[in-house]
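Summary of structural features
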Amino acid sequence: MSFGASFVSFLNAMMTFEEEKMQLACEDLHATEKLCESENASVIETIKNKIKKRTDSQRSELAVVERLQRQIIVADCQVYLAILSFVKQELSSYIKGGWILRKAWKMYNKCHSDISQLQEAYQKRCSGQQGVTAASPPSSSSSSSSSSSPSHSASSSSTPLPQRLSRVSGETLSRLMGSVSFGYGLFHLCISMMPPHLLKIVNLLGFPGDRHQGLSSLTYASESKDMKAPLATLALLWYHTVVQPFFAMDSTDTQTGLVEAKAILQRREAVYPSSSLFMFFRGRVQRLECQINSALTSFNNALELATDQREIQHVCLYEIGWCSMIELRFDDAYRAFDRLRTESRWAQCYYAYLTGVCQGATGDTEGATNTFKDIQKISKRKNNPIEHFSTRRAELLRRQSPTRERCTLAVIEVLYLWKALADSSTSKLQHMSQVLQDTEDAACAGLRQLLLGAIHKCQGNTKEAIRCFQLAARDEEGHLSNSYVQPYSCYELGCMLLDNPESSSKGKGLLLQAKEDYSGYDFENHLHVRIHSALASLKEAGPQ
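For every chain, the first residue of the written sequence is number 1, and numbering continues from 1 along that sequence. Selection of residues for local features in this predicted model requires a pLDDT of at least 70, selection of side-chain atom pairs for listing and counting requires 80 or more, and totals for whole chains, interfaces and linings are taken over all residues. The side-chain quantities take in all heavy atoms of the structure and omit both hydrogens and water.

1. Here we look at the overall build of the chain
Secondary structure elements are defined from DSSP: runs of H or I of at least 4 residues count as helices, runs of E of at least 2 residues count as strands, and each element is numbered from the N terminus. Broken down by element type, the chain carries 24 helices and zero strands. Working definition: with a 1.4 Å probe on protein chains only, accessible area under 20% of the residue-type maximum means buried, over 50% means exposed, and in between means partly exposed. Looking at the chain residue by residue over its 544 residues, the buried ones come to 57%. Of the contacts formed within the chain by residues at least 6 apart in sequence, a portion of 70% connects residues at least 24 apart. Surface accessibility follows the Shrake-Rupley procedure with a 1.4 Å probe radius. Residue values consider only the protein chains on display as shielding. Looking at the chain as shown, the accessible area adds up to about 24000 Å², and 51% of this sits on carbon and sulfur atoms. Whether two residues touch is decided by their heavy atoms; if any such pair falls within 4.5 Å, the residues are in contact.

This is the structure:
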């Protein structure tokens with residue numbers, strides 16, 4: 001009960017990002033952790049004590065299962081606490097979160113070792129009767145645990161579990177493996193998404209972050225009979241439709257993730273026909289497939305289904321605002337973001353900035369000016385990259401007296417930075433291109449070329465895209481006001497050159513240049529994650 005309540009508290013915090021709810025979630029998770037640890041001893045130690053006391057074997061088996069479940073819950077709580085720490089996007093929070101994850105890793109590894117021993121005993125008992133145990137992870141993982149759990153060859157207990165504990169049912173073992181696989185999968189995904197320079201430090205602490213291993217574990221957990229199976233399904237949908245497209249995992253190729261997400265939704269449609277969350281994820285898939293009108297319908301339907309769920313309403317409103325921006329429906333986008341600005345306490349600067357630029361793009365420049373003025377008053381977290389960008393950009397637009405054209409350019413800029421340009425239709429991209437070509441502000445020359453290059457890339461105009469990225473990379477005049485333009489241009493140019501075997505070495509050099517020659521610019525960590533992913537994919541492809 002305590003774990004269920006604390007998990008709901010964690011979900012509320014993650015859906016709203018409000019400081020009060022995040023603090024409450026931390027307190028609830030700590031309370032659950034303390035409750036479980038108060039009666040939590042080593043599983044092996046418990047078994048030995050049970051043997052010494054010659055207690056009833058059935059009671060002993062139940063005690064072992066309960067202890068394993070408690071340890072898994074403690075590890076889950078630690079993972080959720082680490083996620084809440086990472087959300088703050090500060091160096092100290094990353095370090096704190098990494099340390100918490102180290103503790104979780106040790107517990108997951110220990111639990112997996114114990115469950116694996118029980119599974120092996122169960123398999124030996126059943127091998128003569130059935131040949132294949134139903135408790136093992138599915139054949140897609142080949143071995144009984146290798147794809148859904150961390151390797152434990154170095155950490156497995158040297159003390160074998162008593163043979164009589166093999167009487168624990170296969171169904172119970174399958175549920176336990178599903179339970180540990182959920183947290184373990186989230187664990188690996190969290191680590192794999194950390195900025196590369198911090199990932200090296202985390203790896204030195206003694207555990208790796210394997211994205212593919214994490215996804216495999218979550219897939220197994222989603223198909224298990226554990227109570228967290230629906231949560232594992234939602235985590236997979238979240239990764240495939242939100243995280244992977246944003247961080248450009250797998251060299252910007254999101255098609256595999258979309259196929260996986262569509263298959264999950266199709267399998268679960270009959271089980272959750274009226275779920276606002278599944279309707280939301282259906283909208284995410286449609287948006288990534290550039291079916292923006294269909295996506296808007298799904299998000300609006302999800303909004304209606306979530307009448308008593310304010311947090312889900314907010315994520316739906318956020319997507320409605322973004323889809324409206326992609327379609328250049330600035331009035332609709334303004335209404336969605338303005339409602340978020342007034343109702344949500346998370347990232348108010350960010351929502352106010354999106355409200356202001358959409359308001360200005362409709363032609364209401366006076367209203368946009370007033371909105372930009374308010375941003376300075378509500379700014380709270382100076383170290384948050386999104387808040388820092390929103391505050392600085394709003395002040396720049398306010399000083400320049402926002403015009404409809406400048407605000408439209410600002411909309412195109414956030415569409416690029418949040419990787420939403422690729423979701424736009426050809427006609428909308430052409431309209432954006434015309435707006436940029438008509439902009440004559442010399443201070444925005446480099447930014448204008450970067451955005452034009454991104455639009456040409458979406459349209460498949462490779463030569464024009466490369467030309468624009470080269471011009472943007474050489475821009476020195478606008479470096480102070482648009483510090484991210486040069487490193488992002490080098491990254492974009494490098495990725496395009498990687499596609500051609502004759503220029504791949506030059507492309508790799510540009511990626512390294514973007515990574516090593518620039519620092520202190522907007523969204524530096526985000527770009528480093530993308531560069532790391534591109535270089536990793538290049539390494540997997542072998543020498544060029």
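2. So, the pattern of salt bridges
By convention in these notes, a salt bridge is any Lys or Arg side-chain nitrogen within 4 Å of a carboxyl oxygen on Asp or Glu. Tallied over the entire structure, the rule returns 22 salt bridges. Between glutamate 289 and lysine 262 there is a salt bridge, with its nearest N and O atoms 3.0 Å apart. Of this pair, glutamate 289 sits in the loop between helix H11 (276-288) and helix H12 (292-305) while lysine 262 sits in helix H10 (residues 255-268), placing them 27 residues apart in sequence. For glutamate 289, a relative accessible area of 28% gives the class partly exposed. The exposure class of lysine 262 is partly exposed, given its relative accessible area of 42%.

3. A word on the nonpolar core
Note on soluble globular proteins: their nonpolar side chains tend to be buried together. Only buried Ala, Val, Leu, Ile, Met, Phe, Trp, Tyr and Cys residues count toward a nonpolar core, and they belong to the same one when joined by side-chain atoms within 4.5 Å. Within the largest apolar cluster, 160 residues are counted, with the highest numbers of intra-cluster contacts made by Trp322, Met325, Tyr350, Tyr353 and Trp418. Broken down by element, the residue count for this core peaks at 15 residues, all from helix H4 (residues 57-86). In this view, methionine 325 contacts Ala333, Phe337, Leu354, Cys358, Val411, Val414 and Leu415; residues no more than four positions away in its chain are not counted.

4. Some remarks on the packing of aromatic side chains
Aromatic rings from Phe, Tyr and Trp, with only the six-membered ring used for Trp, were paired whenever their centres fell within 6.5 Å, and each pair was classed as stacked if the ring planes differed by under 30 degrees, edge-to-face if by over 60, and tilted otherwise. Counted according to the given criterion, the structure contains 19 aromatic pairs. Note on phenylalanine 280 and phenylalanine 299: the rings are 5.6 Å apart at their centroids and 50° apart in plane angle, and the pair reads as tilted. Highlighted residues: phenylalanine 280 in helix H11 and phenylalanine 299 in helix H12, separated in sequence by 19 residues. Here the two residues phenylalanine 280 and phenylalanine 299 agree in accessibility, since each one is buried. Pairing tyrosine 416 with tyrosine 488 gives two aromatic rings, centres 6.2 Å apart and planes at 65°, and the pair type is edge-to-face. One end of the pair, tyrosine 416, is in helix H18 (residues 404-417); the other, tyrosine 488, is in helix H22 (residues 485-498), and 72 residues separate them in sequence. Per residue, the accessibility class of tyrosine 416 equals that of tyrosine 488, and both read buried. One aromatic cluster is present, formed by Tyr318, Trp322, Phe337, Tyr350, Tyr351, Tyr353, Phe372, Phe389, Trp418 and Phe523 through successive ring pairs.

5. As for helix H20 (residues 445-459)
Between its first and last C-alpha atoms H20 spans 21 Å; for 15 residues at 1.5 Å apiece the expected length is 21 Å, and the two agree. Within H20, 11 of the 15 residues are buried, which leaves the element mostly enclosed by the surrounding structure. Taken together, the buried positions of H20 are Gly446, Leu447, Arg448, Gln449, Leu450, Leu451, Leu452, Gly453, Ala454, Ile455 and His456. Buried residues along H20 sit in contact with helix H17 (385-399), H18, helix H19 (426-438), helix H21 (462-473) and H22. Glycine 460 sits one or two residues past H20 and shows a positive phi near 85°. What a helix is expected to span follows from its residue count: subtract one and scale by 1.5 Å.

6. Examining the environment of isoleucine 72
Position of isoleucine 72 among the secondary structure elements: in helix H4. Sequence separation between isoleucine 72 and cysteine 36 is 36 residues; the distance between their C-alpha atoms is 9.6 Å.

7. Some words on the environment of threonine 307
Relative to the assigned elements, threonine 307 resides in the loop between H12 and helix H13 (310-326). Overall, threonine 307 belongs to the exposed group, its relative accessible area being 54%.

8. A short note on the state of the cysteines
Cysteine sulfur atoms that come within 2.5 Å of each other are treated as a disulfide pair. In total, this model carries zero disulfides according to the counting rule given. Of all cysteine sulfurs, the one in cysteine 36 lies closest to cysteine 77, which takes part in no disulfide; the gap is 6.4 Å. Looking at cysteine 77, the relative accessible area reads 0%, which means it is buried.

9. A closer look at unusual backbone geometry
The phi dihedral of cysteine 290 falls on the positive side, at around 65°, and the residue is not glycine. Relative to the helices and strands, cysteine 290 is located in the loop between H11 and H12. Judged by its relative accessible area of 37%, cysteine 290 falls in the partly exposed class. Of note in the backbone geometry, lysine 419 takes a positive phi value of approximately 55° without being a glycine. Assignment of secondary structure puts lysine 419 in the loop between H18 and H19. Lysine 419 gets classed as partly exposed once you look at its relative accessible area, which sits at 29%.

10. What to know about the side chain of aspartate 423
Mapping aspartate 423 onto the fold places it in the loop between H18 and H19. Overall, the relative accessible area of 5% leaves aspartate 423 in the buried class. The definition of a polar contact used here is a pair of N or O atoms within 3.5 Å, where within protein one atom must be able to donate a hydrogen and the other to accept one, and adjacent residues in sequence count solely through side-chain atom pairs. Reaching out from aspartate 423, the side chain makes a polar contact with the side chain of arginine 287 at a distance of 3.1 Å. Beyond its immediate sequence surroundings of up to four residues, aspartate 423 is in contact with Arg287, Leu288, Cys290, Ile292 and Ile326.

11. Notes on the packing of H12 against H13
Helix axes use the C-alpha atoms of the stretch in contact, all axes being lines fitted to C-alpha atoms, and the angles between their N-to-C directions lie in the range 0 to 180 degrees. With their axes 9 Å apart at the nearest point, H12 and H13 run at an angle of 160° to one another. Our classification of the angle between H12 and H13 gives roughly antiparallel. Considering the relative orientation of H12 and H13, their crossing is left-handed. Along the contact surface, H12 presents Ile292, Ala295, Leu296, Phe299, Asn300, Ala302 and Leu303, while H13 presents Gln313, Cys316, Leu317, Glu319, Ile320, Cys323, Ser324 and Ile326. Residue composition of the contact of H12 with H13, by class: 11 nonpolar, three polar and one charged. Here is the rule for angles: anything less than 35 degrees is roughly parallel, anything more than 145 is roughly antiparallel, 65 through 115 is roughly perpendicular, and the remaining ranges are oblique. By the definition used in this description, the sense in which the near helix is turned from the far one sets the handedness, with an anticlockwise turn below a right angle giving left-handed and a clockwise turn giving right-handed. The nonpolar class holds Ala, Val, Leu, Ile, Met, Phe, Trp, Tyr, Cys and Pro. Asp, Glu, Lys and Arg form the charged class, and all remaining residues, Gly among them, are polar.

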